[in-house]
Amino acid sequence: MAKETIQSVERTFQVIELLAEKGAMGVREIGHETGLHSTVVHRVLGTLVDLGYAGQEEETGKYLLTYKMLAVGNSIQERNSVVKLAHPYLAALSEECKETVHFVERAGTNIRYIDKITPSANMFATGSHVGLEFPLAGTAVGKAILSEAEVKAVWDDSRIVQYTPNTICDLDRLLEELKDTRKTGFAYDMEEREAGLFCVGVSVPDYKGDYVYGISISAPLARMQEERLEEVKKHLWDTRERIIGVIGKKKNG
């Protein structure tokens, strides 16, 4: 965090992020979770309500974020030039493979979903959405983005949560798995975050050559076997190369 912060802004975003994570909450609940005094929470919520970013439930008196907040997020996505450039290729990949495709950006020691395409024929729902963050070391695409030199530092600075029995909670196991990723460019999540869910991911450098983006394909484990997996990986890699091409053009455009 920067040395100089505007305290009122910092407190406002504490409340916003908490409501985004938990849903409707009362003043006391928010104060307990954030450590803010009830008077401060009231002022923050009053401002958010006046601006239209929060509302209050009549029956419970609890506060929740409104769709105005979502509209701001959607506007960011629509104006993000990298997402705009990549989206047609991601949509084509999703249609080719008939599976869910994610586009992510690095956010510190996390990855953040910045685009998601689910084909109309796909009946398998994933628990992801644009804006959601997960530790780099806990996702296929995050593993692909990680550089060898930073793995231990990122691991030590990450909150490791065991979502399933397959979740990697041991650094040595992760390092061993990443040896293959360095050779092939592909990283995997085999039911590490959701039971029955398989993901394969690749990193995507920006126009400066920094590995800050990535693409993944998510599908039921049963559908991602042998020849089918190899076919999906080929489409994924081809899409990666196309997106690198358009992101590279951005530098001169």
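Every chain is numbered independently, its residues counted from 1 as its sequence is written. This being a predicted model, a pLDDT of at least 70 is required before a residue's local features are given, and a value of 80 or more before pairs of side-chain atoms are given or counted; all residues contribute to the totals for chains, interfaces and linings. Working from all heavy atoms in the structure, the side-chain values ignore hydrogens and water.

Check the secondary structure of the chain and you find 9 helices and 8 strands. Here the globule rule is a power law, 2.2 Å times the number of residues to the power 0.38, and the radius of gyration is based on C-alpha atoms. Its C-alpha atoms give the chain a radius of gyration of 20 Å, near enough to 18 Å, the size a compact globule of 253 residues would have. Oriented by its inertia axes, the alpha-carbon framework of the chain measures out at about 60 × 40 × 40 Å. Whether a residue is buried, partly exposed or exposed follows from its accessible area with a 1.4 Å probe, protein chains only, as a fraction of its type maximum: under 20%, in between, or over 50%, in that order. Counting every position in the chain, which comprises 253 residues, the buried fraction comes to 41%. Note on definitions: a residue-residue contact is assigned when non-hydrogen atoms from the two residues lie within 4.5 Å. Partitioning the contacts of the chain with sequence separation of at least 6, the portion at a separation of at least 24 is 55%. Taking the 31 positively charged and 38 negatively charged side chains of the chain as two groups, their mean positions are separated by 4 Å. Strands here are runs of E lasting at least two residues and helices are runs of H or I lasting at least four, both read from the DSSP assignment and numbered beginning at the N terminus. For the charge count, each Lys or Arg is scored as positive and each Asp or Glu as negative, with His and the chain ends excluded. Taken as the charge location is NZ of Lys, CZ of Arg, CG of Asp or CD of Glu.

In terms of residue burial, strand β3 (residues 100–107) counts as a mostly covered element, since 7 of its 8 residues are buried. The pairing criterion for strands is at least two bridges between them, as found by DSSP. Where β3 meets strand β8 (residues 211–220), 6 bridges bridge the pair, whose relative direction is antiparallel. Bridge pairing in β8 links T100 to S218. As paired strands, β3 and strand β4 (residues 110–117) are joined by 7 bridges and run antiparallel to one another. Residue pairing in the sheet places A107 in a bridge with N110 of β4.

A separate point is unusual backbone geometry. Even without being glycine, E191 reaches a positive phi, approximately 60 degrees. Among the secondary structure elements, E191 is positioned in the loop between β6 (187–190) and β7 (197–205). Residues other than glycine seldom take positive phi values, yet E226 does so here, at roughly 40 degrees. Considering the arrangement of structural elements, one finds E226 in helix α9 (residues 226–252).

A side-chain nitrogen of Lys or Arg and a carboxyl oxygen of Asp or Glu constitute a salt bridge if their distance falls within 4 Å. In the structure shown here, the tally under the stated rule is 15 salt bridges. Salt-bridge contacts for E194 lead to R193; the nearest nitrogen and oxygen are separated by 3.3 Å. When its relative accessible area of 9% is taken as the criterion, R193 is described as buried. The closest approach of N and O atoms between E230 and K233, which form a salt bridge, is 3.4 Å. Taken together, the residues E230 and K233, both in helix α9 and 3 residues apart, mark about one turn of the helix. Of the residues examined, E230 reaches a relative accessible area of 46% and is grouped as partly exposed. Residue classification places K233 among the buried residues on the basis of a relative accessible area of 13%. Each of E99, R223 and R228 takes part in one network of salt bridges that share partners.

Here we take up a nonpolar patch on the surface. Patch construction takes residues with relative accessible area above 30% that form no salt bridge. Like charges are linked within 9 Å, and nonpolar side chains (Val, Leu, Ile, Met, Phe, Trp, Tyr) are linked within 5 Å. We get accessible surface area from the Shrake-Rupley algorithm with a probe of 1.4 Å; when it comes to residues, only the shown protein chains can shield them. A cluster of nonpolar side chains, I6, V9 and F13, forms an exposed patch at the surface whose accessible area comes to about 280 Å². One can find V9 in helix α1 (residues 7–22).

Now for the packing of α1 against helix α3 (residues 38–51). Relative orientation of the contacting elements α1 and α3 amounts to 75 degrees, with a least axis distance of 10 Å. Taken together, α1 and α3 sit at an angle that is classed as roughly perpendicular. Only V40, V44, L45 and L48 of α3 make contact with α1, whose side of the interface consists of R11, T12, V15, I16 and L19. When residues are sorted by character, Ala, Val, Leu, Ile, Met, Phe, Trp, Tyr, Cys and Pro go into the nonpolar class, Asp, Glu, Lys and Arg into the charged class, and all the rest, Gly among them, into the polar class. Taken together, the residues of the contact of α1 with α3 sort by class into 7 nonpolar, 1 polar and 1 charged. Note on definitions: angles span 0 to 180 degrees between N-to-C directions of axes, and those axes are lines fitted to C-alpha atoms, for helices only across the stretch in contact. Reported orientations rely on four angle classes, namely roughly parallel under 35 degrees, roughly antiparallel over 145, roughly perpendicular from 65 to 115, and oblique for the rest.

Looking now at the nonpolar core. Remark: nonpolar core denotes a set of buried residues (Ala, Val, Leu, Ile, Met, Phe, Trp, Tyr, Cys) joined through side-chain atoms within 4.5 Å. Residues L90, F103, V200, I215, I217, M224 and L236 are the most contacted members of the largest nonpolar core, which totals 26 residues. Of all the secondary structure elements, the ones that give two or more residues to this core are α5 (81–97), β3, β4, β7, β8 and α9. In terms of residues, this core owes the most to one element, α5, which gives 6 residues. The next biggest cluster of nonpolar side chains, apart from the first, holds 17 residues, and it includes F134, L136, W155 and L178.

With that out of the way, let us pick up the side chain of E99. The topology assignment puts E99 in the loop between α5 and β3. Classification of E99 as buried rests on a relative accessible area of 1%. Identification of polar contacts relies on pairs of N or O atoms within 3.5 Å, with a donor-acceptor requirement for protein atoms, meaning one able to donate a hydrogen and the other able to accept it, and with residues adjacent in sequence counted only if both atoms are side-chain atoms. One polar contact links E99 to R223, side chain to side chain, over a distance of 2.7 Å.

Honestly, it's all geometry; don't read function into it.
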